[in-house]
Amino acid sequence: MGKSVQKITESVSLIASADTWIEGLAVQQLIKTSELTGMQRVAGMPDLHPGRGYPIGAAFFTTNRIYPALVGNDIGCGMSLWQTSAKVSKVNLDKLTKKFEHVELPLDDSWTESVAARKSENGVTTNAYDHALGTIGGGNHFAEFQAIDEVYDQAALDELGLNKKHLQLLVHSGSRGLGQSILVNHVTIHNHDGLSIESADFNDYMKKHDEAVRWAELNREFIAKRFLEAIRAKGECALDVNHNLVSPKEIDGQQGWLHRKGATPSDQGYVVIPGSRGDYSYLVKPIEEADKSATTSLYSLAHGAGRKWKRGECHGRLGHKYKREDLYRTALGSRVVCGNKELLYDEAPQAYKKCETVISDMVDAGLIEVVAKLRPVLTFKTNGDCSS
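Residues numbered from 1 in each chain as written. Predicted model: local features only at pLDDT ≥ 70, side-chain atom pairs only at ≥ 80, totals over all residues. Heavy atoms only, no water.

Draft legend 1. Fine view of the sheet that holds strand 12 (residues 254–261). The mixed open sheet is built from six strands, whose spatial order is 1-2-3-4-12-11. Across the chains shown, the open sheet's two edge strands, defined by having one partner strand only, are strand 1 (6–7) and strand 11 (244–251). Direction of pairing for strand 11 relative to strand 12: antiparallel, over a ladder of eight bridges. Looking at the pairing, asparagine 244 lines up with lysine 261 of strand 12. (Pairing = 2+ DSSP bridges. Helix = DSSP H or I, 4+ residues; strand = E, 2+ residues; numbered from the N terminus.)

In structure tokens:
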């Protein structure tokens, strides 16, 4: 491992240089979580920031127990990257921003056959949340059309089938109300206590959890297809990864359970590390040799730039500097579609760290190689005043 690795305690590591700003509360939460029963190792990423009791941007390795509260309510939250047939040179931003009037409505009857077929193929049996399938949701979720700005590894782009002349589509969403219902049910019965892997409750949770992960993957697929349909383009999925889940894993000869809470897997091939809506995103290749250091990084990477400011305080910080209209355009020349004033400020680029520093820390730690830099063209959050 390189210089951007800090050993906080015997079982807690932080993938970040000493110069990278990490809020003290996030590190405290990281240490506190390492003291849970059955917790073996904890790894914080350079985008680490405080959450509700548990830090976001971290991975946790347990034996004999799992902690659903660590995974959180957005089970299967993650990102997919799609190569589109739309050409970058043909983009008209004024026209593009007006094409997404219907992408937040429930899928209409024209999608019924496709939804039924894909649910069956993916082993998704629940029908209770069909109304939300294909919708982004609120918070930091988005759909973003991007252009490949710089290429560092053309062979990798070719392997993924990505073409610099065409727009890319990055989708960030999860399991919506399904994941929320699973967590609420668990907390109602067990509070934040973990589940023994020998218990019936563990088996019940994992069955529901695994379906929520598959639902989230399907949700991103239908979001992408809706946005492609809106711009009358075709597309192919180049990659899809989950950031919030728990899965079996052997680490350092120990069989256990790897929890990721806002952490990108480094053991599943190429991944995208997104910046804020006014910053670059990075397509990266995890370095296989880094597997030897899995006890430090826990087969995980940052899942984004990482927040600097808490939601709810951003309008107070920015309102006197920027009018609402100012935030619909970014310094990189991209556009933003967001009809929710609070969300517009909460997700402003200023509320996030520079993604370049996060990437630099992981490069210095010997975890990744950068394949390409992606520039935002249009970021879609929500049309309306609410984004549940």
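Having put the structure on the table, let's press on.
Draft legend 2. The arrangement of the side chain of histidine 209 in detail. Within the element layout of this structure, histidine 209 appears in helix 7 (residues 200–230). Dropping the residues within four chain positions of it, histidine 209 is found in contact with Val71, Ile75, Ile182, Leu245 and Val246. (Contact = heavy atoms within 4.5 Å.)

Draft legend 3. Structural detail: the pattern of salt bridges. Across all of its chains, the model carries 16 salt bridges by this definition. In this structure, glutamate 221 engages lysine 225 in a salt bridge whose closest nitrogen and oxygen atoms are separated by 2.8 Å. Of this pair, glutamate 221 and lysine 225 both sit in helix 7, four residues apart, which is roughly one turn of the helix. Given a relative accessible area of 12%, glutamate 221 falls into the buried group. Each of Arg118, Glu121, Glu221 and Lys225 takes part in salt bridges that share partners, so that together they form one network. (Salt bridge = Lys/Arg side-chain N within 4 Å of Asp/Glu carboxyl O. Buried < 20%, exposed > 50% of the residue type's maximum accessible area, 1.4 Å probe, protein only.)

Draft legend 4. Structural detail: helix 6 (residues 176–190). Between the first and last C-alpha of helix 6 there are 22 Å, a value that for 15 residues agrees with the 21 Å anticipated at 1.5 Å per step. Along helix 6, the residues classified as buried are Leu178, Gly179, Ile182, Leu183, His186 and His190. Down the axis of helix 6, the buried set is contained in an arc of 130°. They therefore lie on one face. On its buried face, helix 6 sits against helix 2 (68–71), strand 9 (195–196) and helix 7. One or two residues past the end of helix 6 sits asparagine 191, with phi positive at roughly 55°. (Expected span 1.5 Å × (residues − 1). Arc of directions from axis to C-beta.)

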